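Coordinate analysis (summary)
Chain by chain, the residues:
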Amino acid sequence: TLEELKVVISAETSGLQNELKKLQSQLDKTDRSISKSTGSIKKAFSKLTKGLTFTAIIYGLAKLGKKAIETASDLQEVQNVVEVSFGSMTAEVDKFAESAITKFGLSKLSAKQFASTFMAMSNGMGVAAEAGKNMSLNLTALSADMASFYNVQQDVAFTALKSVFTGETESLKRFGIVMTEANLSAYAMSQGISKSYSEMTQAERVALRYSFVLNATKNAQG
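Residues numbered from 1 in each chain as written. Predicted model: local features only at pLDDT ≥ 70, side-chain atom pairs only at ≥ 80, totals over all residues. Heavy atoms only, no water.

A word on the packing of aromatic side chains. A full pass over the atoms with the stated rule returns seven aromatic pairs. Their ring planes at 35 degrees and their centres at 6.0 Å tell us that phenylalanine 118 and phenylalanine 165 sit as a pair that is tilted. Linking phenylalanine 118 in helix α3 (residues 108-124) with phenylalanine 165 in helix α6 (residues 163-166), this pair joins segments that are 47 residues apart in sequence. Judged by its relative accessible area of 0%, phenylalanine 118 falls in the buried class. You can call phenylalanine 165 buried: its relative accessible area is 0%. By way of ring pairs, the aromatic residues Phe114, Phe118, Phe158 and Phe165 are connected into one cluster. Between the NZ or CZ atom of arginine 174 and the centre of the ring of phenylalanine 175, over which it lies, the distance is 5.7 Å. (Phe/Tyr/Trp six-rings, centres within 6.5 Å; stacked < 30°, edge-to-face > 60°. Helix = DSSP H or I, 4+ residues; strand = E, 2+ residues; numbered from the N terminus. Buried < 20%, exposed > 50% of the residue type's maximum accessible area, 1.4 Å probe, protein only. Lys NZ or Arg CZ within 6 Å of the ring centre and 35° of its normal.)

Next comes the structure, spelled out in structure tokens:
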């Protein structure tokens, strides 16, 4: 009968059903275990990320601190050069450097480095102290202006402007300034200077080259 058939089927499949229940139970345990492990991994990863972030912050602060110390040391060193180069006019240079970042986009350190280098070269060429100071500060400002105008690094413009004292011509050519002796002589005549370039003293040549470069960079100034 149908009832007898149900009893037989139930008896034959009871073992299979038990196995299926055991398997399901095992699967549930495995799933819980995986979830637990995943949670642990997430927690561990979160802690690791926080740790790495903290480490990165500490590293950044340490690097920043080191850079600040190095900059302070460099400033002290260049200050010594400024004092030797400018002497009693050092205060004017310090004041100029303080506002250089807002006026010219030039750091205090770079402003003092550029100005003291120009002044040392000026002294070496026999230029009068006051005139040398004015040249040095103006050329330092011009370094920043030219760098911005021609989209070059400030030290590239600074190197080119040292030609005012050295007479070297190549580095200025990239800025369209051809400072040959012939051009300087023609410029001198246009300024009412009758003395030939070859007869000028070193200081006079520096003054002429300085005026020539300022005239050639009018568009970049300011």
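Moving on to the environment of aspartate 145. Inspection of the secondary structure assignment puts aspartate 145 in helix α4 (residues 129-150). Judged by its relative accessible area of 15%, aspartate 145 is buried. C-alpha separation for the pair aspartate 145 and phenylalanine 104, spaced 41 residues apart in sequence, amounts to 6.8 Å. In contact with aspartate 145, not counting residues within four places along its chain, are Ala220, Gln221 and Gly222. In terms of polar contacts, aspartate 145 uses its side chain to reach the backbone amide nitrogen of glycine 222, at 2.9 Å. (Contact = heavy atoms within 4.5 Å. Polar contact = N/O pair within 3.5 Å; in protein donor to acceptor, adjacent residues only side chain to side chain.)

The end-to-end C-alpha distance of helix α2 (residues 90-103) is 19 Å, a good match for the 20 Å that 14 residues give at a rise of 1.5 Å each. Alanine 97 marks the point of greatest bend in α2, at about 25 degrees. All of the buried residues along α2 are Thr90, Val93, Phe96, Ala97, Ser99 and Ala100. Phi turns positive, to about 70 degrees, at glycine 105, one or two residues after α2. (Expected span 1.5 Å × (residues − 1). Bend = angle between axes of the 7 residues up to and from the residue.)

Here the focus is the side chain of threonine 140. The residue threonine 140 is located in helix α4 in this model. Residue threonine 140 is classed as buried on the basis of its relative accessible area, which comes to 0%.

On average, residues of the protein score 82 in pLDDT, and 67% of them reach the 70 mark or higher. Averaged pLDDT values over the elements of the protein bottom out at 61 in helix α1 (residues 2-86) and peak at 97 in helix α9 (residues 202-216). (pLDDT = per-residue confidence, 0-100.)

Turning our attention to the pattern of salt bridges. This structure, assessed with the given rule, holds six salt bridges. In this structure, lysine 173 engages glutamate 170 in a salt bridge whose closest nitrogen and oxygen atoms are separated by 2.9 Å. Of this pair, lysine 173 and glutamate 170 both sit in helix α7 (residues 170-173), three residues apart, which is roughly one turn of the helix. For lysine 173, a relative accessible area of 39% gives the class partly exposed. The network of salt bridges with shared partners includes Glu92, Glu130 and Lys133. (Salt bridge = Lys/Arg side-chain N within 4 Å of Asp/Glu carboxyl O.)

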